[in-house]
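Below are the chains, spelled out letter by letter.
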Amino acid sequence: AQSVTQPDIHITVSEGASLELRCNYSYGATPYLFWYVQSPGQGLQLLLKYFSGDTLVQGIKGFEAEFKRSQSSFNLRKPSVHWSDAAEYFCAVGTTSGTYKYIFGTGTRLKVLA
Amino acid sequence: GAGVSQSPSNKVTEKGKDVELRCDPISGHTALYWYRQSLGQGLEFLIYFQGNSAPDKSGLPSDRFSAERTGGSVSTLTIQRTQQEDSAVYLCASSIPPPSRQYFGPGTRLTVT
C-alpha cells in the first residue's frame, strides 16, 4: 500500500541553524512529490514539488528538497532557519497511475528558538 | 484571483445533527478534493472529483458522509448524524487536472459536542 512517513513529529532548531525534515514514501513507481507548509491559522501552502528531471528541487522561502530514489526519500532542507519558518510541514506523494491521489504524511511541527 | 474558499470557518454542532460544509474552488479548476485533518494527524483523503467523471469516494469513512459537486464548481460535504469523532478540520483543495499542485482552502473547523 502507498504510504508516506515523516518520522519526526516535532523538531526544534535555533534561528540561523540548518534544517532537515525527513520524508520517506512507499510506492511502486516513481511518484510525484510535494512539500507543503501550514502556518498557524493558515491554509496549506506549496513549498516545492518534484515531478521529474533534476532530483534537487528549489522551492519558495529558501527551501530545497532532494529526491533519492534508492532511499525512497524526499527530505526537505533549509540552510538557515528564520523564526517565521515555525509551522507544520507535510510531505505528500501523488500517485502516477490509476486514480490520482495524494497521500500525506502526518506532518512535522517545527519550533524555532530565538 | 480568488483562492479556494470554505464556509463556515467554524461550526459547532450537537451530536446527531447533520452539517453541510461548503467549498468554492478556484475558477477553472476541474479537480476538487476533500480532506479531514484531526489533531496530530496528517491529512486524511475523503473524496475526489475530476470534471464530469464519477467521484472517487474511497476515502469516506462511513455512509454518514457524502459530497456533491454542482456544475463542476461548488462542492458540499454533508455529514449526517454527527458523532464526536467527526470533530476535525475539513480541508478542501482544487487543482487543474492532476498531476499538479493543489490549492488549499482555509478549512472548516467542526466541533461536535
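Just so it is clear, the model here is predicted, and its values are computed rather than measured. (Residues numbered from 1 in each chain as written. Chains lettered and ligands numbered in written order. Predicted model: local features only at pLDDT ≥ 70, side-chain atom pairs only at ≥ 80, totals over all residues. Heavy atoms only, no water.)

With that out of the way, let us pick up the overall build of chain A. Regarding its fold elements, chain A presents zero helices and twelve strands. Of the regular secondary structure in chain A, the N- to C-terminal order runs β-β-β-β-β-β-β-β-β-β-β-β. For chain A, whose C-alpha radius of gyration is 14 Å, the value lies close to the compact-globule estimate of 13 Å for 114 residues. Its C-alpha atoms give chain A principal-axis dimensions of about 45 × 30 × 20 Å. Relative to its 114 residues, chain A shows a buried fraction of 46%. The long-range share in chain A, meaning contacts at least 24 apart out of those at least 6 apart in sequence, stands at 54%. On chain A, the mean spot of the 10 positive side-chain charges and the mean spot of the 8 negative ones are 6 Å from each other. (Helix = DSSP H or I, 4+ residues; strand = E, 2+ residues; numbered from the N terminus. Rg over C-alpha atoms; globule rule 2.2 N^0.38 Å. Buried < 20%, exposed > 50% of the residue type's maximum accessible area, 1.4 Å probe, protein only. Contact = heavy atoms within 4.5 Å. Lys, Arg positive; Asp, Glu negative; His and termini not counted. Charge placed at Lys NZ, Arg CZ, Asp CG, Glu CD.)

Here we come to the interface of chain A and chain B. Counting from both sides, the interface comprises 16 residues of chain A and, opposite them, 20 residues of chain B. Where chain A meets chain B, there are one salt bridge. The salt bridge involving D56 of chain B is made with K101 of chain A; its shortest N-O contact spans 3.9 Å. At the surface where chain A touches chain B, the tally comes to four residue pairs in polar contact (both at pLDDT 80 or more). At the level of elements, β5 (32-38), β6 (44-50) and β11 (102-104) of chain A are the ones that each hand at least two residues to the side of chain A that touches chain B. The greatest single-element share of the side of chain A that touches chain B, amounting to four residues, is contributed by β5 of chain A. (Salt bridge = Lys/Arg side-chain N within 4 Å of Asp/Glu carboxyl O. Polar contact = N/O pair within 3.5 Å; in protein donor to acceptor, adjacent residues only side chain to side chain.)

Attention shifts here to the state of the cysteines. Here, the word disulfide means a covalent bond between the sulfur atoms of two cysteines. Across all of its chains, the model carries two disulfides over all chains by this definition. Disulfide pairing is shown between C23 of chain A and C91 of chain A; the S-S distance is 1.9 Å. Sign of the S-S torsion, about -65° for the bond between C23 of chain A and C91 of chain A, identifies this disulfide as left-handed. Note that C23 of chain A is positioned in the loop between β3 (19-21) and β4 (24-26) and C91 of chain A in strand β10 (residues 87-94), a separation of 68 residues in sequence. Residue class for C23 of chain A comes out buried when judged on its relative accessible area of 0%. The disulfide partner of C23 of chain B is C92 of chain B, and the S-S distance across this bridge is 1.8 Å. One disulfide, between C23 of chain B and C92 of chain B, carries an S-S torsion of -60° and so falls in the left-handed class. (Disulfide = S-S within 2.5 Å.)

This part covers the packing of aromatic side chains. Counted under the stated rule, the structure contains 16 aromatic pairs over all chains. Put simply, the rings of Y32, F34, Y36, F51, Y102 and F104 of chain A together with Y33, Y35, F45, Y48 and F104 of chain B pair up and form one aromatic cluster. Here the basic side chain of K49 of chain A rests over the ring of F51 of chain A, its NZ or CZ set 5.9 Å away from the ring centre. When the ring centre of Y103 of chain B is taken as reference, the NZ or CZ atom of R101 of chain B above it lies at 3.8 Å. (Phe/Tyr/Trp six-rings, centres within 6.5 Å; stacked < 30°, edge-to-face > 60°. Lys NZ or Arg CZ within 6 Å of the ring centre and 35° of its normal.)

This part is about the pairing of β5 of chain A. Residues and elements named next belong to chain A. Taken across its seven residues, β5 has seven buried, putting it largely inside the fold. Here β5 shows no split at all, with Y32, F34, Y36 and Q38 on one side and L33, W35 and V37 on the other all buried. When β5 meets β10, the two strands line up antiparallel, connected through seven bridges. Across the sheet, residue W35 finds its bridge partner in β10, namely C91. Pairing geometry for β5 and β6, over six bridges, is antiparallel. By the bridge assignment for β6, F34 is matched with K49. Hairpin connection, β5 to β6: the antiparallel pair is bridged by five residues, and G41 has positive phi, about 75°. (Pairing = 2+ DSSP bridges.)

Read these as layout, nothing more, since geometry by itself doesn't imply function.
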